[in-house]
Each structure stands twice: as C-alpha cells, then as structure tokens.
Amino acid sequence: MRRSPFRPDLLQGKAALVTGGATGLGLEIARVLGGHGARVAICSRKEDNLRAAVDTLRQEGIEAIYGVCDVRRHDEVTTVIDDVLRAFGRLDIVVNNAAGNFPAPISELSPNGFKAVVDIDLLGTFNVSKAAYDLWLREHGGAVVNISAAIQYRGMALQAHVVSAKAGVDALTRASAIEWGSDGVRVNVVAPGAMSGTEGVKRVAGDNRQRTARNPLQRPGSTTEVADAVLFLASDAASYITGAVLVVDGGGWLTAPGAPDSPG
Ligand code: COA
C-alpha cells in the first residue's frame, strides 16, 4: 500500500457507505476510507462486481460489506442503509459516487436517455442522502460527499444530460448543507476531472492524454488523488467546511476546450 499523506487512523471508529463502490473511482474511495480506519459498505446494481470488490477490500484488511440496490429506487436504498446500520451500528460518512454516462449529441439523445442519467446522478444522490439523513444523520450528524464533475461549469458537447445532472448535484449539495447544518451534517462536493483508467473517461474521452495534457498540471489525475479529496472532506479536518465544491482536476476546467473534438 502507498504511504498516505493522512494519518492512518483518521477515520477510526467511523462507518461509511460508498454508492457505485464496486468499481473505478467508487472502489478507490472505499479503499482509501477503509485504509484510514473506516468500516466500509459499498452498493451498486451488480452483485458480482460487489462481491469481488468486497473480497479485494477484505484482503487489504478493511472491514467491508455490500448491498445491492439501484440508487434510482428509494425503497431499495432504504433497505441497504437499514442493513448497513444493522451491520455497523452507525453511518458517519455517505459518498454519493454512483453515476451514469455515455456520449451523445442532444439531437440523438432520447428523453429517456436524458432521464436515465439525471435519475442515476441527481435523483440517486437525493435518494441516498435523504434515506441516510432520515435513518441516521439527523440524530447523529455526519458527512456527505457528493461526487460531481467540473464540465458543467462551462458546458460540454455530447454531455448535455451529464452536465444537467451534475449542476443539480451541486445545487442539491448547497441546499442540503443549509438545511442539515444545524443537525451537524456537512454536505460537500468533490468535482473530479478526467482520471486514468476509469469507466467514465473510457466512455467519454477515449484516450484522454491529449485532453488532459492541456490542464495546468499537464497530466491526467489518478483515482487515488480524487479519493484523498473525499477523505479530507469526510474527515474532521474539514469540520468547518460545508456546501463547498472542491474541484480535483489539475485545473483542467479553467483551460479545457468545450468538446472532445474541439480544435481547443
Ligand atoms: N447513446 C444514446 N442513448 C443511450 C446510450 C448511448 N450510448 N446508452 C443508453 N442510452 C439510452 C437508451 O437508449 C435508453 O433510452 P430509450 O429508452 O429512449 O432507448 C436510456 O438511455 C436508458 O437506457 P437503459 O439501457 O434502459 O439503461 P439504464 O437505465 O440501465 O442506464 C446507462 C444506462 C448507460 C446510463 C447506465 O447503464 C450507465 O451509465 N452505465 C455506466 C456507468 C458509468 O459509465 N459510470 C461512469 C460515470 S462517469
């Protein structure tokens, strides 16, 4: 395991839920939270992936469980959170990472295609946050970290459904931060840019080397670098931070062209 810049017991005694935690960025977030002492639950739609991911986490010494749910279904989400509370007895950290993506121009995007991504990203974040708040956070406080993106700040071709959903996630974050602050619940956003090897990047950017070479840091990020930002916001190190957006993209949103094939 790498040498983390954070204290290894930063999250000792805490329990976390990561949606979409079986693969890609979600799995790395689960590894990083678990690697700093948290017990970790992951959920997604695909049980095979979840089982494999929990095996991996356990091999690294992390106490991990999984639940199967579609974040678009509030009833399924509620069942998973009930199960997590039964298993861990608490839920301090919720990471809304589950997301959908495919590249499509608006002219070829069906209303149902648009809805599928908005439902996974935005309604899913609402469902999981609300269930966690109703069942645990309202009484005990905690931290919610919503994974958004940076492409909605300027817009991006072939991503109308995604930028719409992520702008909603940013807005929902601020609204819930305001409503839940007095209950000791902090709600923040991590907004990642392109990361090497993730499903989202494969689907949207193809080989992202050329795109990311244009960011100020001149390289794509790693999922670990994004997960470290989640760890920071989930931890007591961020105890006075709520309603914030932490962009983790090498500065790319400042300089990236608006479309994958833009002459930029
Ligand atoms: N291009 C255009 N439309 C597409 C599409 C594509 N590549 N993939 C799916 N759609 C449309 C479907 O055609 C359907 O619309 P229709 O009923 O009008 O035909 C709609 O999206 C829903 O599709 P469905 O197959 O029922 O999907 P779903 O509810 O399981 O969700 C995805 C589909 C693609 C959104 C989802 O499976 C997904 O995103 N998976 C990948 C996860 C991922 O990439 N994560 C990283 C995020 S950064």
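Up top you'll find the structure we're talking about.
Quick caveat: nothing in here was measured; it's all calculated off a predicted structure.

K.L.:
What is the right way to look at the overall build of the protein in this model?
P.N.:
The number of helices and strands found in the protein is nine helices and seven strands. For a compact globule of 264 residues, the expected C-alpha radius of gyration is about 18 Å, and the protein comes in at 17 Å, within 12% of that figure. With the principal axes as the frame, the protein shows a C-alpha extent of 55 × 40 × 40 Å. Sorting the 264 residues of the protein into buried and exposed places 50% on the buried side. Look at the contacts in the protein between residues 6 or more apart in sequence, and 75% of them connect residues 24 or more apart. As displayed, the protein offers around 12,000 Å² of accessible surface, 53% of which is attributable to carbon and sulfur atoms.

K.L.:
I keep staring at the site of the ligand and nothing clicks. Help me out?
P.N.:
Taken together, 14 residues surround the ligand, and among them Arg-72, Gly-100, Asn-101, Ser-110 and Asn-112 come closest. Ser-110 places a side-chain nitrogen or oxygen 2.6 Å from an oxygen atom of the ligand. In isolation the ligand exposes 930 Å². Once the protein is present, 55% of that is buried. Of all the secondary-structure elements, those providing two or more residues to the shell around the ligand are helix H4 (111-140) and helix H6 (199-204). Of all the elements, H4 adds the most residues to the shell around the ligand, at four residues. Across the shell around the ligand, the residue classes break down as four nonpolar, six polar and four charged.

K.L.:
Whenever I open this one, helix H2 (residues 47-59) confuses me. Can you help?
P.N.:
The terminal C-alpha atoms of H2 lie 18 Å apart, and with 13 residues this matches the ideal 18 Å at 1.5 Å per residue to within 8%. All buried positions along H2 are accounted for by Leu-50, Ala-53, Val-54 and Leu-57. Buried residues of H2, seen end-on, are gathered within an arc of 100° and therefore sit on one face of the element. Away from its buried face by more than 90 degrees, H2 exposes Asp-48 and Gln-59. Where H2 is buried, its residues meet helix H1 (24-35), strand S2 (39-44) and strand S3 (64-68). Taken from the residues just after H2, Gly-61 is the one with a positive phi, measuring 85°.

K.L.:
Would you mind showing me how to read the packing of H1 against helix H8 (residues 223-234) here?
P.N.:
Two quantities define a packed helix pair, namely the angle between the helix axes and the distance between the axes. Look at H1 against H8: their axes get within 9 Å of each other, and the N-to-C directions meet at 55°. One finds that H1 runs oblique with respect to H8. The interaxial crossing formed by H1 with H8 has right-handed handedness. Contacts between H1 and H8 pair Leu-25, Glu-28, Ile-29, Val-32 and Leu-33 from the former with Thr-223, Thr-224, Val-226, Ala-227, Asp-228, Val-230 and Leu-231 from the latter. Split into classes, the residues belonging to the contact of H1 with H8 amount to eight nonpolar, two polar and two charged.

K.L.:
Where do I start with the side chain of Thr-125 in this structure?
P.N.:
Relative to the helices and strands, Thr-125 resides in helix H4. Among the residues examined, Thr-125 registers a relative accessible area of 3% and is labelled buried. Within the local environment of Thr-125, its side chain forms a polar contact with the backbone oxygen of Asp-121, the two atoms lying 2.5 Å apart. Ignoring anything within four residues of it in the chain, the contact list for Thr-125 reads Asn-96, Ile-120, Asn-146, Val-169 and Leu-172.

K.L.:
Can you help me understand the pattern of salt bridges in this one?
P.N.:
Opposite charge on two side chains makes pairing possible when the charged atoms of those side chains draw close. Per the counting criterion, the structure on display carries 17 salt bridges. Note that Arg-86 and Asp-83 form a salt bridge whose closest N and O atoms lie 2.8 Å from each other. Residue Arg-86 and its partner Asp-83 are both found in helix H3 (residues 74-88); the two are separated by three residues, about one turn of the helix. Residue classification places Asp-83 among the partly exposed positions, given a relative accessible area of 38%. Across the pair Arg-219 and Glu-225 runs a salt bridge whose closest N-O atoms are separated by 2.7 Å. Classification of Arg-219 by relative accessible area gives partly exposed; the value is 39%. Among the charged side chains, a salt-bridge network with shared partners connects Glu-28, Arg-31 and Glu-60.

Definitions and cut-offs
- Residues numbered from 1 in each chain as written.
- Predicted model: local features only at pLDDT ≥ 70, side-chain atom pairs only at ≥ 80, totals over all residues.
- Heavy atoms only, no water.
- Helix = DSSP H or I, 4+ residues; strand = E, 2+ residues; numbered from the N terminus.
- Rg over C-alpha atoms; globule rule 2.2 N^0.38 Å.
- Buried < 20%, exposed > 50% of the residue type's maximum accessible area, 1.4 Å probe, protein only.
- Contact = heavy atoms within 4.5 Å.
- Areas by Shrake-Rupley, 256 points an atom, 1.4 Å probe, with all protein chains shown as cover.
- Near = heavy atom within 4 Å.
- Polar contact = N/O pair within 3.5 Å; in protein donor to acceptor, adjacent residues only side chain to side chain.
- Nonpolar A, V, L, I, M, F, W, Y, C, P; charged D, E, K, R; others polar.
- Expected span 1.5 Å × (residues − 1).
- Arc of directions from axis to C-beta.
- Axes fitted to C-alpha atoms, helices over the stretch in contact; angles between N-to-C directions.
- Parallel < 35°, antiparallel > 145°, perpendicular 65-115°, else oblique.
- Left-handed = near helix turned anticlockwise from the far one by under 90°.
- Salt bridge = Lys/Arg side-chain N within 4 Å of Asp/Glu carboxyl O.

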